[in-house]
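# Observations on chain architecture
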Amino acid sequence: MSERSVGIVGTNFHTIKGDFLLEGGQTLKDIRVAYETYGNLNKDKSNAILVCHALTGDAHAAGRHSPDDRKPGWWEDLIGPGKALDTDRYFVICSNVLGGCMGTTGPASLNPDTGKPYGITFPVITIGDMVNVQKKLIDHLGIKVLFAVVGGSMGGMQTLQWTVAYPDIVRKAVVIASTAVSSPQQIAFNEVGRNAIVSDPDWNEGDYYSDKAPIHGLATARMIAHITYLSDDSMHEKFGRELQQGENFKFDMSNDFQVESYLKYQGETFTERFDANSYLYVTKAVDYFDLSKNGSLAEGLKDIQAKILLISITSDWLYPPYQSKKVVEALLFNDHDVSYREIESSYGHDAFLLESGHINYVVHNFLTHTYVGDVMTEEVATIREGVSIETAAQVMFEEGLTHLPVVNEKGCLAGIVTSWDISKAVALKSCNLDDIMTKEVLVAMPDEPIVAGAKRMERHSISALPVVDEKKRLVGIIDSEDINRLIG
Ligand SMILES: CC(=O)SCCNC(=O)CCNC(=O)[C@H](O)C(C)(C)COP(=O)(O)OP(=O)(O)OC[C@H]1O[C@@H](n2cnc3c(N)ncnc32)[C@H](O)[C@@H]1OP(=O)(O)O
Ligand SMILES: N[C@@H](CCO)C(=O)O
């Protein structure tokens, strides 16, 4: 296995106990979430990146489950040591979506009330529900801030949804080959796929788990969808009019052309890994996706706080660049921090899985151009000026801190006490906080590059910098151990 892989990984499960309210008004009980993590969560829990998968993806985004696995996780090219989602720096999380069939609760799961698979009684879910489930997972992992959320296609929708639903949690967002509003054409293709499934007699109103699955309908749905993931150019390049066998037409109904054989293979292999009912539900969730509010996308995206990078693919006719540009315009209308890159590629929509060199480069740059405000810990324990040394020591002990900012009544930084200062106070038998705290405190500003903050800490041999705004109000703190991990 390559040294740049996360290696052998496993899938974890978390159950969200009790009733979970869905956007459609129904509830689901005891939702199980399948997830994988790569890399290590830092002390401040400030280096977590959530990866959201596309329509038919899963939690297994990188590495291999066993050394014999034929293929690694679906985004192996982007996740791993030294890659854009660098597992030496970040703690990467990927979970299977609600309604999926790869470990998270979906229509194939057993309904705890009946002991039978939900099938078509599974409630209709939305991208918002998928994200709310991910939020519960993040809470379970004790993560309060996401350094970034990243995703392509339906993963990009979840990413945007995160920035809208949880604006104060997401610092950065990367949205690839996606949209903020599903278009009529996207809905139309999904409906053709669903129609193929429900027209298969084996579908049996969604109740097929103890019998034959509707694999013909599902395979047809995938074949149609797969055409939309390619482009006219990529099909010319990949297959042209080449024949699968021999040099002459067979003049029968078998698969003469390579492209036919390819699509058939794609359809068939898909049925081995995907559940037909799940396909109905996740495509429905995609269709309902619309982040505009009162008919205005700018209004819908108004409260976003994250810095957003949008990437589109020139040859993607399923999620064409114009859809990403609409998001950019709506964000710019609100003066939000947004960057946009259009990747020149003939691969079509699936370029987000294939153009790894270009996407690695663009995403790496976006993630590493980090500012103090992107990674600082906002919830800082402080003490007020004039309290006793004993109180300071107690707070530091209880909170497990080595640095404790001292603030005045306006929340402005007045000084800092370190564990060294406390030892000094004991040695010198001093009782006055004012005598031992540092008053000329080195600080960082939220909008300065993190590298500048890290250099200041290194130059002065200090391990934490309070972060203050232009009025010297304390807004956070950065810690050298965590920062060094992030800047590599
Ligand atoms: C986030 C997510 O999207 S997760 C899900 C990602 N995975 C998928 O969507 C699975 C569907 N596949 C795809 O979308 C694409 O195949 C990609 C993007 C994953 C990979 O694309 P490429 O590297 O260009 O592979 P390509 O599409 O050429 O080949 C795929 C398969 O078709 C087979 N194939 C190629 N030509 C033919 C042919 N003429 N006849 C039959 N089979 C063929 C290949 O042997 C290969 O088989 P394998 O998957 O068992 O190894
Ligand atoms: N190949 C992707 C395409 C949808 O974005 C998938 O199957 O999830």
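Just so we're clear, the structure is a prediction, and the values are computed from it rather than from any experiment.

### Some words on the overall build of the chain
- When helices and strands are tallied, the chain shows 17 helices and 15 strands.
- By the burial criterion, 47% of the 488 residues in the chain qualify as buried.
- For the chain, the proportion of contacts with a sequence separation of at least 24, taken over those separated by at least 6, is 68%.

### Some thoughts on the domain arrangement of the chain
- Per the domain assignment, the segments of the chain are domain 1 (184-283) and domain 2 (375-487).
- Each of domain 1 and domain 2 was reduced to a C-alpha centroid, and the two centroids are 60 Å apart.

### Concerning the pairing of strand E8 (residues 170-176)
- Burial analysis of E8 places seven of its seven residues in the buried class, the great majority of the element.
- Sheet topology places strand E7 (residues 146-152) next to E8; six bridges connect them, and they run parallel. Pairing of Gly-151 across the sheet is with Val-175, part of E8.
- On the question of chirality, the crossover connecting E7 to the parallel E8 by way of helix H2 (residues 154-165) is right-handed.
- Direction of pairing for E8 relative to strand E9 (residues 307-313): parallel, over a ladder of five bridges.

### Focus: the sheet that holds strand E12 (residues 403-407)
- Strand order in the open sheet formed by three strands is E11-E12-E13, with mixed pairing between adjacent strands. Across the chains shown, the open sheet's two edge strands, defined by having one partner strand only, are strand E11 (383-384) and strand E13 (413-418).
- Judged from the five bridges that link them, E12 and E13 form a sheet pairing that is antiparallel. Opposite Val-406, over in E13, you have Gly-415 as the bridge partner.

### Some thoughts on the environment of Asn-190
- Among the secondary structure elements, Asn-190 is positioned in helix H3 (residues 184-198).
- In this structure, the C-alpha to C-alpha distance between Asn-190 and Ile-224, residues 34 residues apart in sequence, is 9.1 Å.
- Every residue in contact with Asn-190, bar those within four places of it in the chain, is listed here: Thr-283, Val-286 and Asp-287.

### What about the UniProt feature "domain: CBS" (unreviewed entry) in the chain?
- UniProt records the feature "domain: CBS" (unreviewed entry) for residues 376-436 and 437-488 in the present numbering.
- Helix makes up 41% of residues 376-436 and strand 21%, whereas the separation of the span's terminal C-alpha atoms amounts to 26 Å.

### Examining the UniProt feature "active site" (unreviewed entry) in the chain
- UniProt records the feature "active site" (unreviewed entry) for Ser-153, Asp-316 and His-349 in the present numbering. The greatest C-alpha distance among the annotated residues, which extend across 197 residues, is 10.7 Å, indicating that they converge on a single site.
- With 27 C-beta atoms counted inside 10 Å, the residue Ser-153 sits in the buried group.
- In this structure, Ser-153 is in contact with Ala-54, Leu-55, Ala-177, Ser-178, Tyr-319, His-349 and Phe-352, ignoring residues within four places of it in sequence.
- Following the sequence through the fold, Asp-316 ends up in the loop between E9 and helix H9 (321-333).

### What to know about the site of ligand 2
- Every residue near ligand 2 is listed here: Ala-54, Leu-55, Thr-56, Gly-57, Ser-153, Met-154, Tyr-229 and Asp-350.
- Across the shell around ligand 2, the residue classes tally to four nonpolar, three polar and one charged.

### Looking at the sheet that holds strand E10 (residues 338-343)
- What the eight strands build is an open sheet, ordered E1-E2-E6-E3-E7-E8-E9-E10; its pairing is mixed. Of all the strands in the sheet, just strand E1 (12-21) and E10 have a single pairing partner and so form its edges. Strand-to-strand twist across the sheet, computed as the mean angle between neighbouring axes with direction ignored, equals 20°.

### Re the site of ligand 1
- Ala-54, Gly-57, Ser-261, Tyr-262 and Tyr-265 are the nearest of the 15 residues found near ligand 1.
- For the shell around ligand 1, the secondary structure elements donating two or more residues are helix H6 (258-273) and helix H10 (351-354).
- Residues that form the shell around ligand 1 fall into these classes: seven nonpolar, seven polar and one charged.

### Observations regarding H2
- Counted at 1.5 Å a residue, the expected span for H2 with its 12 residues is 16 Å, and the 16 Å between its end C-alpha atoms agrees.
- With 10 of its 12 residues buried, H2 lies for the most part within the structure.
- Buried within H2 are the following residues: Met-154, Gly-155, Gly-156, Met-157, Gln-158, Thr-159, Leu-160, Gln-161, Trp-162 and Thr-163.
- Contacts made by the buried residues of H2 are with strand E3 (48-52), helix H1 (127-140), E7, E8, helix H7 (276-288) and E9.

### Here's the deal with the nonpolar core
- Core analysis: the largest hydrophobic core is formed by 141 residues, its most contacted members being Ile-49, Val-51, Val-92, Leu-146 and Ile-478.
- Beyond its immediate chain neighbours, meaning those up to four positions away, Val-92 contacts Thr-37, Tyr-38, Gly-39, Ile-49, Val-51, Ile-79, Leu-85 and Thr-87.

### Remarks on the environment of Thr-15
- You can see Thr-15 is positioned in strand E1.
- Here Thr-15 falls in the exposed class, since 12 other C-beta atoms lie within 10 Å of it.
- For the pair Thr-15 and Thr-104, spaced 89 residues apart in the sequence, the C-alpha separation amounts to 9.3 Å.
- In contact with Thr-15, not counting residues within four places along its chain, are Asp-30 and Arg-32.

### Observations concerning the packing of H1 against H2
- Running from amino to carboxyl end, H1 crosses H2 at an angle of 70°, the nearest separation of the two axes being 9 Å. Between H1 and H2, the angle falls in the class roughly perpendicular. Across from Ile-127, Gly-128, Met-130 and Val-131 in H1, the residues of H2 making contact are Met-157, Gln-158, Gln-161, Trp-162 and Ala-165.
- In the contact of H1 with H2, the residues fall into six nonpolar, three polar and no charged.

### A short note on the pairing of E12
- With five of its five residues buried, E12 lies for the most part within the structure.
- Burial along E12 is two-sided: the residues His-403, Pro-405 and Val-407 and Leu-404 and Val-406 are all buried.
- Alignment of E11 against E12, held across two bridges, turns out to be parallel. Its bridge partner being in E12, Ile-383 is matched across the sheet by Val-406.
- As consecutive antiparallel partners, E12 and E13 are separated by five residues, and within that stretch Gly-411 has a phi angle of approximately 80°, a positive value.

Conventions adopted
Residues numbered from 1 in each chain as written. Chains lettered and ligands numbered in written order. Predicted model: local features only at pLDDT ≥ 70, side-chain atom pairs only at ≥ 80, totals over all residues. Helix = DSSP H or I, 4+ residues; strand = E, 2+ residues; numbered from the N terminus. Buried ≥ 20, exposed ≤ 12 C-beta atoms within 10 Å, placed from the backbone. Contact = placed C-beta atoms within 7 Å. Domains from an automatic or database assignment. Pairing = 2+ DSSP bridges. Right-handed = clockwise from strand over helix to strand, strands pointing away. UniProt positions renumbered as here; feature names shortened; annotations may be inferred. Near = placed C-beta within 6 Å. Nonpolar A, V, L, I, M, F, W, Y, C, P; charged D, E, K, R; others polar. Axes fitted to C-alpha atoms, helices over the stretch in contact; angles between N-to-C directions. Expected span 1.5 Å × (residues − 1). Core = buried A, V, L, I, M, F, W, Y, C linked by C-beta atoms within 7 Å. Parallel < 35°, antiparallel > 145°, perpendicular 65-115°, else oblique.

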